[in-house]
Amino acid sequence: MRLTNAWERMNEPLDKQEYWLKPSEKRVLNPSETISFTNFQVKWIPESSYAGSIMGFTYGDEVKDGIGALNQINVSGKLVKEDKNE
């Protein structure tokens, strides 16, 4: 059974730094047409202070070097350890 709007991972599943995804059904993206993937979640369990980015790129037959997405996600934070004596 194939889901509509499904995406397939193209790179090695052991790679936890990069996810190369392609639509399972869509082969051609026409001018001014957009596609998006839904229900994609990133689980991040920090053990110390952290910073990271999620960036998107589009590659195709005519765009071998890729085009960067218009938006990206940047997250950072600092873990504060609680004093157990309080």
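Residues numbered from 1 in each chain as written. Predicted model: local features only at pLDDT ≥ 70, side-chain atom pairs only at ≥ 80, totals over all residues. Heavy atoms only, no water.

Caption draft 1: Region of interest: the packing of aromatic side chains. According to the stated counting rule, one finds two aromatic pairs in the structure shown. Their ring planes at 20° and their centres at 5.2 Å tell us that Trp 20 and Tyr 59 sit as a pair that is stacked. Of this pair, Trp 20 sits in the loop between β1 (7-9) and β2 (21-23) while Tyr 59 sits in the loop between β4 (57-58) and β5 (67-68), and the two are 39 residues apart along the sequence. Looking at Trp 20, the relative accessible area reads 37%, which means it is partly exposed. For the ring pair Phe 57 and Tyr 59, a centre distance of 6.5 Å and an interplane angle of 40° mean the geometry is tilted. Ring-pair connections join several aromatic residues into one group, and the members of that group are Trp 20, Phe 57 and Tyr 59. In this structure, Arg 9 is placed above the aromatic ring of Tyr 19, and the distance from its NZ or CZ to the ring centre is 3.9 Å. (Phe/Tyr/Trp six-rings, centres within 6.5 Å; stacked < 30°, edge-to-face > 60°. Helix = DSSP H or I, 4+ residues; strand = E, 2+ residues; numbered from the N terminus. Buried < 20%, exposed > 50% of the residue type's maximum accessible area, 1.4 Å probe, protein only. Lys NZ or Arg CZ within 6 Å of the ring centre and 35° of its normal.)

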